[in-house]
Amino acid sequence: FTLDPDLLEKTGSEVSALSEHLKRVFGWDARTRGDGIVPFMERGIAVRALHPVLADFLTRYPEDNVLKKWIVDVLKGAEKVYSGLDVPVPTVGPQKRPRSESAYLILPAAKAGKVNARGRKPTSLLNKLVKKIIYDDGKAGWECIADCNHRQMGNLQGDRILKHASTCTVLQEYNALLYDEACKQAGSQSLGSQLDLNSEGSMTAPVRMGSSTHKESGTLRMEPFIEAGKKSKAERTQQFQAQVDHIIMRLICVRGLVPNVLDAPEWKELMNKLNPTYKPSNANYFREVAIPQEAVHVRDQQIVLLKKEENLTLTFDGTSIRKQESFYSAHATTPSRNSFFLDGHEGSGEHHNTDWIKTRLLKVICIF
């Protein structure tokens, strides 16, 4: 077996090139549709050749999680064939293979000191959530580490990555710990979380007046007070900006304000007339950053509140939108008849049988 030179040149990595090869064999969406298990439709030399190829790559790249994910998925596919034929799965030696949700598949932390050539330095979490790719036209991009077929062009941007990771059900199945970490990070950056932190106490530390505050001549030095005043003003401006953005976000989510209105010159003129201190945020900021982060923050707050309740009622119902796409929603109702939205499940093109509903309800129940 040899890698396609064109794929190797395009991806810039042997493991990524191998991943593209396997996607061509099993199908691009084989691991995201249906039960998510790699299908084996034949047997023979071609199937048996997978073992030496994957074993060779694992020897050379023992820490690569994309490779580990493929190995586990291939094993699951093989086990499904044995199970369907009521044949015991053969084992070699006393050791068992690692499960996909085990700690064995958690990505190692990014190496310290490695600086991105362009833009901000990617955090360790971002490096865990995505892998870099190169498109046919030579432009850089990234895709989800869980191989959910989500790709975006450009450099690693935390807001976009966290927006996807905090809602990616494939990532949740692939690595629950990593998914929870992404949700926690996204929620901590939300407008609501920032305002909650600011409301806990004063934002500006008091100015300390020590012996260095006075010159030897006995005159009072004003520099510390001037600097403290500038810092306090900047913090108040930042908090005011967050407060207004939070109100606008609620108008969008609760009252149906169309986000495109925020890019209109009349809206910007209105904001400037009401208070020139506020710098209008564009619609894309609310769509891509503010609303997704706030959704994670609100969900976390709901879970904290509901865990204090007893005798919760779980309801599960389905409907469809104008595009004729179906989805199911799960709500929890308290004894005082307050209902909280917990989760939504896209269900187009799937059979909504007992197993399908049970699987999704159990995921909601496991939150508590």
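Values in this document were obtained by computation on a predicted structure and should not be read as measured data.

Focus on the pairing of strand β6 (residues 339-346)
Part 1 of the argument: In this sheet, β6 lies alongside strand β5 (residues 326-333) in antiparallel orientation, the contact comprising seven bridges. The partner of T333 across the bridge, within β6, is S339.
Part 2 of the argument: Linkage of β5 to β6, two consecutive antiparallel strands, is achieved through a turn of five residues, within which R337 is found at a positive phi near 70°.

A look at the nonpolar core
Part 1 of the argument: Core analysis: the largest hydrophobic core is formed by 40 residues, its most contacted members being L18, L129 and L171.
Part 2 of the argument: The set of elements that each furnish at least two residues to this core consists of α2 (14-26), α4 (50-60), α5 (65-84), α6 (124-129), β2 (140-144), α7 (158-165), α8 (169-174) and α9 (176-188).
Part 3 of the argument: The two domains that each donate at least three residues to this core are domain 1 (5-85) and domain 2 (124-186).
Part 4 of the argument: Apart from residues no more than four positions distant in its own chain, L18 is found in contact with F1, L3, V53, L54, F57 and L67.
Part 5 of the argument: With 14 residues, the next largest nonpolar core counts I252, W267, M271 and Y278 among its residues.

Some thoughts on the sheet that holds β6
Note on sheets: strands pair through backbone hydrogen bonds, and any given pair is parallel or antiparallel.
Part 1 of the argument: Strand order in the open sheet made by the three strands is β4-β5-β6, with antiparallel pairing throughout. Pairing within the sheet leaves two strands with one partner each, and these edge strands are β4 (313-320) and β6. Each neighbouring strand pair of the sheet contributes to a mean axis angle of 25°, computed without reference to strand direction.
Part 2 of the argument: Strands in contact with helix α14 (residues 354-365) are β4, β5 and β6; relative to β4, the strand with the most contacts, it is inclined by about 130°.

Focus on a nonpolar patch on the surface
Part 1 of the argument: A surface patch of nonpolar side chains, about 410 Å² in accessible area, is lined by V81, Y82, L85, V87 and V89.
Part 2 of the argument: Here Y82 is to be found in helix α5.

Quick look at the sheet that holds β2
Part 1 of the argument: In space, the three strands of this open sheet follow the order β1-β2-β3, with antiparallel pairing throughout. Two strands close off the open sheet at either side, each with one partner strand: β1 (130-134) and β3 (151-153). Strand after strand, the sheet turns through a mean of 30° between neighbouring axes, direction not considered.
Part 2 of the argument: Here three bridges tie β2 to β3, and the two strands are oriented antiparallel to one another. Following the sheet pairing, W142 is matched in β3 by Q152.
Part 3 of the argument: Together, β1, β2 and β3 form the strand contacts of α7, whose direction differs from that of β2 by roughly 25°.

Some thoughts on the pattern of salt bridges
Opposite charge on two side chains permits them to pair, given that their charged atoms come into close proximity.
Part 1 of the argument: Applying the stated criterion across every chain, the model contains eight salt bridges.
Part 2 of the argument: One salt bridge in this structure joins D147 and K131, with 2.9 Å as the shortest N-O distance. Of this pair, D147 sits in the loop between β2 and β3 while K131 sits in strand β1, placing them 16 residues apart in sequence. With respect to class, D147 is no different from K131; both count as buried.
Part 3 of the argument: Ionic pairing is found between K163 and E288, a salt bridge with its closest N-O pair at 2.8 Å. Highlighted residues: K163 in helix α7 and E288 in helix α13 (residues 283-306), separated in sequence by 125 residues.
Part 4 of the argument: It is possible to trace a salt-bridge network through shared partners that takes in E20, K131, E143, D147 and R151.

What to know about the packing of α2 against α4
Part 1 of the argument: Contact pair α2 / α4: the axes reach a minimum separation of 11 Å and the direction vectors enclose 155°. Judged by the inter-axis angle, α2 sits roughly antiparallel to α4. Relative to α4, α2 is oriented so that their crossing is left-handed. Of α4, the residues touching α2 (which contributes E14, V15, L18, L22 and F26) are L50, V53, L54, F57 and R60.
Part 2 of the argument: For the contact of α2 with α4, the per-class residue count stands at eight nonpolar, no polar and two charged.

Considerations on α13
Part 1 of the argument: For α13, with 24 residues, the first-to-last C-alpha span of 32 Å sits near the 34 Å given by 1.5 Å per residue.
Part 2 of the argument: Bending of α13 peaks at approximately 35° at the position of A290, with proline P292 no more than four residues after it.
Part 3 of the argument: If you check which residues of α13 are buried, you get A283, F286, V289, A290, P292, Q293, E294, V296, H297, Q302, I303 and L306.
Part 4 of the argument: A side-chain oxygen of the first residue of α13 lies 3.3 Å from the backbone nitrogen of N284; this N-cap is N282.

Here we look at the packing of aromatic side chains
Part 1 of the argument: Applying the stated criterion across every chain yields a total of four aromatic pairs.
Part 2 of the argument: Between Y285 and F286 the ring centres are 5.3 Å apart and the planes differ by 70°, which places this aromatic pair in the edge-to-face class.
Part 3 of the argument: Overall, Y285 belongs to the partly exposed group, its relative accessible area being 26%.
Part 4 of the argument: The residue whose ring lies beneath R60 is F57, and the NZ or CZ to ring-centre distance is 4.6 Å.

Thoughts on unusual backbone geometry
Part 1 of the argument: Backbone geometry places D147, a non-glycine residue, at a positive phi of 55°.
Part 2 of the argument: Here the phi dihedral of N149 falls at roughly 70°; this positive angle occurs in a residue that is not glycine.
Part 3 of the argument: Within the fold, N149 resides in the loop between β2 and β3.

Rules and cut-offs
- Residues numbered from 1 in each chain as written.
- Predicted model: local features only at pLDDT ≥ 70, side-chain atom pairs only at ≥ 80, totals over all residues.
- Heavy atoms only, no water.
- Pairing = 2+ DSSP bridges.
- Helix = DSSP H or I, 4+ residues; strand = E, 2+ residues; numbered from the N terminus.
- Core = buried A, V, L, I, M, F, W, Y, C linked by side-chain atoms within 4.5 Å.
- Buried < 20%, exposed > 50% of the residue type's maximum accessible area, 1.4 Å probe, protein only.
- Domains from an automatic or database assignment.
- Contact = heavy atoms within 4.5 Å.
- Axes fitted to C-alpha atoms, helices over the stretch in contact; angles between N-to-C directions.
- Patch = residues over 30% accessible without salt bridge, like charges linked within 9 Å, V, L, I, M, F, W, Y side chains within 5 Å.
- Areas by Shrake-Rupley, 256 points an atom, 1.4 Å probe, with all protein chains shown as cover.
- Salt bridge = Lys/Arg side-chain N within 4 Å of Asp/Glu carboxyl O.
- Parallel < 35°, antiparallel > 145°, perpendicular 65-115°, else oblique.
- Left-handed = near helix turned anticlockwise from the far one by under 90°.
- Nonpolar A, V, L, I, M, F, W, Y, C, P; charged D, E, K, R; others polar.
- Expected span 1.5 Å × (residues − 1).
- Bend = angle between axes of the 7 residues up to and from the residue.
- Polar contact = N/O pair within 3.5 Å; in protein donor to acceptor, adjacent residues only side chain to side chain.
- Phe/Tyr/Trp six-rings, centres within 6.5 Å; stacked < 30°, edge-to-face > 60°.
- Lys NZ or Arg CZ within 6 Å of the ring centre and 35° of its normal.

Read these as spatial facts, not as claims about activity.
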